[in-house]
Amino acid sequence: MSILDAHAEALSILDRRTRTRTLITRAGHDFASNDYLGLKQAPELRAAVADALARGVAIGAGGSRLLRGNDPEHEALESEAAAFFGSEAALWFSTGFAANSAIFSTLPATRDLIVHDALIHASAHEGMRLGKASCVSAPHNDVDGYADVIRTWRAAGGRGRVWIAVESLYSMDGDRAPLTDLVALAEREEAFLIIDEAHATGVFGRGGRGLADGLDGREYVMTLRTCGKALGCEGALVCLPNILARTLVNKARGFIFSTAPSPLMAAAVRASLRLIATQPERRDRLHALIAASAQIFADRIDVPPSGSQIIPVILGEDARTMRVAGAIQARGYDVRGIRPPTVPAGTSRLRISLTLNVDEDIVLGLAEAIAEAHTAT
Ligand SMILES: Cc1ncc(COP(=O)(O)O)c(C=O)c1O
């Protein structure tokens, strides 16, 4: 069998399980992006980019940060981000995926344990796969379950340090991590807490500082603030103690052997951080939409509120989920079906993402379309 035939065969197996993915052109009302504050097209952000171009900010970095690619815009962004979030240092990566890959593969040592939430993002798994520490999943949001994992590992002779990895707001469920209890656990176990704030940054916390607002700056905490979601840009800021930032600069292969992200994008992210801090009205509008939508979904399709802008409508079976999603898309609402391995088997779902790109009337229309697609398919 040729290589192409082997891949064709693998794809047809996926196809039979309704698991193939295809790229589709964007269409319909936006219930699928993470552009929560509607910033990716905001005039203020466009103006900031035009201004950066006018003051001569480069489009490309031209090399790795460790060679010629280190640009004043990168450094300005990192020092502004550290000051804004309250961490000792910040390091900017080209994507959240690259940042998580670097963190998990570089910082925990061979003898260490990473206890991670069962629903942690694929990018954290990627880093753990590349790293050498032992990695054990704990039941979702079950702090006692995390403690059990640590106890069992120690009883079996584990002698290294413990890292606890969570998302503050889970990307496919929209629920929050019990951060207060996790902080207490980290303190009790002398563990290090890695908090992925991808979906909370810009949306929650003082000035959009996220759900971990107030924890940055502690010597056992690091946060990841992705810039491609509510910030409307691209990249990810890792906020962490200085010594760990220096370790990543010296040891993270994805940071060292890669062209630095665009200085122009760094300027855009700086502008976006200022926007989220100074425009609370965007956040207020989003929270009003979240509250109104929670009521609409509870009344019309019996879906409980998630407490955030991410609302899962769990349908269970893969094929049915994709049929329902297709029927809703045909009505002009861009809602995507999410299947395993992105979510656990048997929990395929519609992931509804609320952004300022829609309003309450459009959400009402969506709820009706879901109710009809539900009964028709
Ligand atoms: C929780 C979480 N972490 C990290 C990432 C990766 O971020 P990026 O899209 O910037 O690569 C995502 C993206 O979906 C995410 O949901």
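Structure: above.
Every value quoted in this text rests on a predicted model; they were computed, and no experiment measured them.

Draft legend 1. Up close: the overall build of the protein chain. When you go through the protein chain residue by residue, the secondary structure sums to 13 helices and twelve strands. Taken against the 2.2 N^0.38 rule, which gives 21 Å for 377 residues, the C-alpha radius of gyration of the protein chain at 21 Å falls within 12% of a compact globule. A principal-axis box enclosing the C-alpha atoms of the protein chain has dimensions of 60 × 55 × 50 Å. Within the protein chain, the fraction of its 377 residues that count as buried is 54%. For the protein chain, restricting intrachain contacts to residue pairs at least 6 apart in sequence, the fraction spanning at least 24 positions comes to 72%. In the form shown here, the protein chain has an accessible surface area of approximately 17,000 Å², with 53% of it arising from carbon and sulfur atoms. The positive charge centre, built from 40 side chains, and the negative charge centre, built from 44, are 5 Å apart in the protein chain.

Draft legend 2. A look at helix α2 (residues 43-54). Its twelve residues place the ends of α2 16 Å apart at the C-alpha level, agreeing with the 16 Å of an ideal helix rising 1.5 Å per residue. Of all the residues in α2, the buried ones are Leu45, Ala48 and Ala52. The arc enclosing the buried residues of α2, seen along the axis, measures out at 55°, which places them on a common side. Exposed positions of α2 whose direction lies more than 90 degrees from the buried face are Pro43, Arg46 and Ala54. Of the surrounding elements, those touching the buried residues of α2 are α10 (263-278). Just downstream of α2 lies Gly56, where phi reads positive at about 90°.

Draft legend 3. Highlighting the site of the ligand. Not every one of the 13 residues close to the ligand is listed here, only the nearest: Gly96, Phe97, Asp196, His199 and Lys229. Gly96 is positioned such that a nitrogen or oxygen atom in its backbone is 2.8 Å from an oxygen atom of the ligand. Separating an oxygen atom of the ligand from a side-chain N or O atom of Lys229 is a distance of 2.9 Å. Isolated, the ligand exposes 390 Å² of accessible area, and the fraction of that covered by the protein chains is 81%. With three residues, helix α4 (residues 96-106) is the largest single contributor of residues to the shell around the ligand. Partitioning the shell around the ligand into residue classes produces two nonpolar, eight polar and three charged.

Draft legend 4. Broad picture of the pairing of strand β8 (residues 236-240). Most of β8 sits inside the fold, with five of its five residues counted as buried. Going residue by residue along β8, you find Ala236, Val238 and Leu240 tucked away on one face and Leu237 and Cys239 tucked away on the opposite face as well. Of the strand pairs in this sheet, strand β2 (residues 89-93) and β8 are connected by five bridges, and their pairing is antiparallel. Looking at β8, one finds that Ala90 is bridged to Cys239. Across four bridges, the pairing between strand β7 (residues 221-226) and β8 is antiparallel. Paired with Arg225 across the strands is Leu237, a residue of β8.

Draft legend 5. Summary view of the packing of aromatic side chains. Under the counting rule described, the total for this entry stands at four aromatic pairs. When the ring of Phe84 is compared with that of Phe85, the centres are 4.9 Å apart and the planes differ by 75°; the resulting orientation is edge-to-face. By the burial criterion, Phe84 is buried, and Phe85 matches it. Geometrically, the ring pair formed by Phe93 and Phe255 is edge-to-face, given 5.5 Å between the ring centres and 65° between the ring planes. Of this pair, Phe93 sits in strand β2 while Phe255 sits in helix α9 (residues 253-256), and the two are 162 residues apart along the sequence. The class for Phe93 is buried, based on a relative accessible area of 3%. The class of Phe255 is buried, set by a relative accessible area of 7%.

Draft legend 6. Examining the sheet that holds strand β6 (residues 192-196) more closely. The strand order across the open sheet formed by seven strands is β2-β8-β7-β6-β5-β3-β4, and the pairing between neighbours is mixed. Edge positions in the open sheet fall to β2 and β4 (134-138), since each of these has one partner strand only. Strand-to-strand twist across the sheet, computed as the mean angle between neighbouring axes with direction ignored, equals 20°. Two elements, strand β3 (residues 113-117) and strand β5 (residues 162-167), share four bridges in a ladder whose sense is parallel. Within the sheet, the bridge partner assigned to Leu113 lies in β5 and is Val162. Against the sheet, helix α7 (residues 179-189) makes contact with β5 and β6, and its axis sits at roughly 170° relative to β5, the strand it touches most. Contacts from helix α8 (residues 242-251) reach β2, β6, β7 and β8, with the element oriented near 30° to β2.

Draft legend 7. Looking closely at the sheet that holds strand β12 (residues 348-353). Taken together, the three strands give an open sheet; going across it, the order is β9-β12-β11, and neighbouring strands pair in antiparallel fashion. The sheet is open, and its two edges are formed by β9 (310-316) and β11 (336-338), each paired on a single side. Each strand of the sheet is rotated relative to its neighbour by a mean of 30°, with strand direction disregarded.

What counts and what doesn't
- Residues numbered from 1 in each chain as written.
- Predicted model: local features only at pLDDT ≥ 70, side-chain atom pairs only at ≥ 80, totals over all residues.
- Heavy atoms only, no water.
- Helix = DSSP H or I, 4+ residues; strand = E, 2+ residues; numbered from the N terminus.
- Rg over C-alpha atoms; globule rule 2.2 N^0.38 Å.
- Buried < 20%, exposed > 50% of the residue type's maximum accessible area, 1.4 Å probe, protein only.
- Contact = heavy atoms within 4.5 Å.
- Areas by Shrake-Rupley, 256 points an atom, 1.4 Å probe, with all protein chains shown as cover.
- Lys, Arg positive; Asp, Glu negative; His and termini not counted.
- Charge placed at Lys NZ, Arg CZ, Asp CG, Glu CD.
- Expected span 1.5 Å × (residues − 1).
- Arc of directions from axis to C-beta.
- Near = heavy atom within 4 Å.
- Polar contact = N/O pair within 3.5 Å; in protein donor to acceptor, adjacent residues only side chain to side chain.
- Nonpolar A, V, L, I, M, F, W, Y, C, P; charged D, E, K, R; others polar.
- Pairing = 2+ DSSP bridges.
- Phe/Tyr/Trp six-rings, centres within 6.5 Å; stacked < 30°, edge-to-face > 60°.
- Axes fitted to C-alpha atoms, helices over the stretch in contact; angles between N-to-C directions.

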